[in-house]
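Residue-level structural notes
So the chains spell out like this:
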Amino acid sequence: MARFLVRRLLTMIPVVLGTTFIIYAAVYALPGDPVQSLAGPDRAVSPAAAAALRSHYHLDSSLLAQYGHYLSGLLHGDFGIDFGDVPVSSLIAAGWPVTVRLALTTWVIQAVAGAGLGVLAAVRAGRFPDLAVLGGSTLILAVPYFVTAYVAQIVLGDRLGWFPVSGVDAGWPRSYLLPALCLALLGVPEVARLTRAAVLENLGAEFVDTAVAKGAGRMRVLTQHVLRPSLIPIVSMLGLTLGTLLSGTILIEGIFNLPGLGYQTFQGVQQHNGPVVVGISTLLVLTFLFINLVVDVLYVVIDPRIRLD
C-alpha cells in the first residue's frame, strides 16, 4: 500500500504541472486587457498607471515567467492575489463551503437514486420498472440540464414556492436541494445504467448459483453476493463524478445565484481576473486527483482480492 501511494503521488506531479500550465496558458490567451478591465470600460488609463499595474501583477513578464512566479507561490500554499489585491485563498475560503455542500448533496442524490433505480431495473429486467428506468434515463439525458434548471426554478421555486429560487439565505438543505436535484440529472441515468449492467452480470455468475443452491435467501444473495462485486465500477464512477461535480457547478451556481467557486470562476472570466480563475481551477485539479487516489484505495476495501501493487 505504501509503495502504491508513493508511486501515485509521484505520478501526480507531472499531471499537476501539465494541467496548471494549460490552465494558466488558456487564461493568458484570453482576449481583452486585464488592466483596462480593472479600470472599467469607460475610464482611460494613463500609460504610467498601466505600466505600474502591469509590473505589480507581473503582467509585463513572459508566459513562462508568470507561470514560474505563480508556481513558486503555489509550492508555499499561496494561490496569489486577484486584480483587486484580494488574496485568492480568501475567495476560495468564502466559496468553497457553498460548492462542497452543493456537490456533496448532488453526489448523495446521484448515488442513492442511481444505484437504487439500477438495482430495481436489474431485478425486474424486461418488466415495467426496467423499461421505465431505461426510458426515463434516455429522456432525462436528452434534455439539457440547464433547461430543466430554469423550468424547475420557475415552477417549483417561483410558482409553487417549494424551494428558494436563488441564494443561500435559507441555509442547507433548502437552498441547495433544487440546484442539486437539477445537477444530479446529469449523473443519475449513468449510475442507474451502470448499476443495472453490473448487477445483471453478477446475477448470472456461478457463485450466485452456488449460494442459491446452498439455500441462501433472496435478500442475502442480492446484498452479499451480487451487490458487493457490483460496487467496484459504481464506486469508480461515483468517485470521478464527485471530482467533476466540484468543477461542474459553474452554470448551476450562476442560475441559482449561489456564491460558490463556480460562480466566482464565471465572474473571474467575465472580469479578466486571471488569478481567480487559475487559483480556483488549480484547487479543483488537486481535489480531483486526491479523490481519484481515495477511490483507488477503496477498491481494496470493497474487494480484498485486488492488489494495488
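Every residue gets a number counted from 1 within its own chain, in the order that chain's sequence is written. With pLDDT at 70 or above as the cut-off, local features in this predicted model cover only qualifying residues; side-chain atom pairs require 80 or more to be listed or tallied, and sums for whole chains, interfaces and linings still use all residues. Each side-chain value is worked out from all heavy atoms of the structure, with water and hydrogens disregarded.

The name given to the chain in an unreviewed UniProt entry is ABC transmembrane type-1 domain-containing protein, with the source organism recorded as Streptomyces rapamycinicus. UniProt positions are given in the numbering used here, feature names are shortened, and annotations may be inferred rather than shown by experiment. Checking UniProt for the chain, the heading Subcellular location (unreviewed entry) contains the comment "Cell membrane". Under the UniProt heading Sequence similarities (unreviewed entry), the entry covering the chain gives this text: "Belongs to the binding-protein-dependent transport system permease family."

The next point concerns unusual backbone geometry. For the bond from Trp-172 to Pro-173, the omega torsion is 10°, close enough to zero to count as cis. To qualify as a helix, a DSSP run of H or I must reach at least 4 residues; to qualify as a strand, a run of E must reach at least 2; elements of each kind are numbered from the N terminus. Residue placement: Pro-173 occurs in the loop between α7 (145–159) and α8 (174–184). Positive phi values are uncommon outside glycine, yet Asp-85 reaches one of about 65°. Residue position: Asp-85 is located in the loop between α4 (63–75) and α5 (88–123). The residue Asn-257 is not glycine, and still its phi comes out positive at about 55°. Examined against the element boundaries, Asn-257 turns out to sit in the loop between α12 (250–255) and α13 (261–270). Look at Asn-257 and you get partly exposed, because its relative accessible area is 37%. Each residue's exposure class comes from its accessible area (1.4 Å probe, protein chains only) as a fraction of the maximum for that residue type: buried when under 20%, exposed when over 50%, partly exposed otherwise.

The criterion for an aromatic pair is that two Phe, Tyr or Trp rings (for Trp, the six-membered ring) have centres within 6.5 Å, with stacked assigned to planes under 30 degrees apart, edge-to-face to planes over 60 apart and tilted to the rest. As enumerated under the stated definition, the model contains five aromatic pairs in all. Ring geometry for Tyr-24 versus Tyr-67: centroids 5.9 Å apart, planes at 70°, classification edge-to-face. You can see Tyr-24 sitting in helix α1 (residues 2–28) and its partner Tyr-67 sitting in helix α4, a full 43 residues away along the chain. Members of the aromatic cluster, joined through ring pairs, are Phe-21, Tyr-24, Tyr-67 and Tyr-70.

A domain assignment, automatic or from a database, supplies the domain bounds used here. Assigned domains within the chain: domain 1 (10–78) and domain 2 (96–302). Domain 1 puts 14 residues into the contact, and the matching count from domain 2 is twelve residues. When the two sides are added together, the surface that domain 1 and domain 2 hide from each other amounts to roughly 1,100 Å², 82% of it contributed by carbon and sulfur. Ranking the residues of domain 1 by area buried against domain 2 places Met-12, Ile-23 and Val-27 at the top, with a combined share of 37%. For this analysis, a salt bridge means a side-chain nitrogen from Lys or Arg found within 4 Å of a carboxyl oxygen belonging to Asp or Glu. Counting every contact that joins domain 1 to domain 2 gives zero salt bridges. Pairing of N or O atoms within 3.5 Å defines a polar contact, subject to two protein rules: one partner must be a possible hydrogen donor and the other a possible acceptor, and residues neighboring in sequence count only if both atoms are side-chain atoms. Taken together, the links from domain 1 to domain 2 amount to one residue pair in polar contact (both at pLDDT 80 or more). For the side of domain 1 that touches domain 2, the secondary structure elements donating two or more residues are α1, α2 (34–39) and α4. Considering every element that reaches the side of domain 1 that touches domain 2, the biggest residue donor is α1, with eight residues. The contact criterion used throughout is that any non-hydrogen atoms of two residues lie within 4.5 Å. Accessible area that two parts lose when put together, with a 1.4 Å probe and added across both, is what the buried area reports.

Time to look at the side chain of Asp-130. In this structure, Asp-130 sits in helix α6 (residues 128–142). Apart from residues lying up to four places away in sequence, Asp-130 is in contact with Ala-121, Arg-124, Ala-125 and Arg-196.

On to the side chain of Thr-99. Checked against the element boundaries, Thr-99 lands in helix α5. For Thr-99, a relative accessible area of 0% puts it in the buried group. Not counting chain neighbours up to four residues away, the residues in contact with Thr-99 comprise Leu-246, Thr-249, Glu-253, Gly-260, Leu-261 and Gly-262.

A few words now on the nonpolar core. Core analysis: the largest hydrophobic core is formed by 51 residues, its most contacted members being Phe-79, Ile-92, Cys-182, Ile-252 and Phe-256. Of all the elements in the fold, those that place two or more residues in this core are α1, α4, α5, α7, α8, α11 (218–247), α12 and α14 (274–302). Both domains that furnish three or more residues to this core are identified here as domain 1 (10–78) and domain 2 (96–302). Dropping the residues within four chain positions of it, Cys-182 is found in contact with Tyr-145, Thr-148, Ala-149, Ala-152, Ile-252 and Phe-256. Within the second largest apolar cluster, ten residues are counted, among which are Val-119, Val-208, Ala-211 and Leu-222. The criterion is simple. A nonpolar core is a set of buried Ala, Val, Leu, Ile, Met, Phe, Trp, Tyr and Cys residues joined through side-chain atoms within 4.5 Å.

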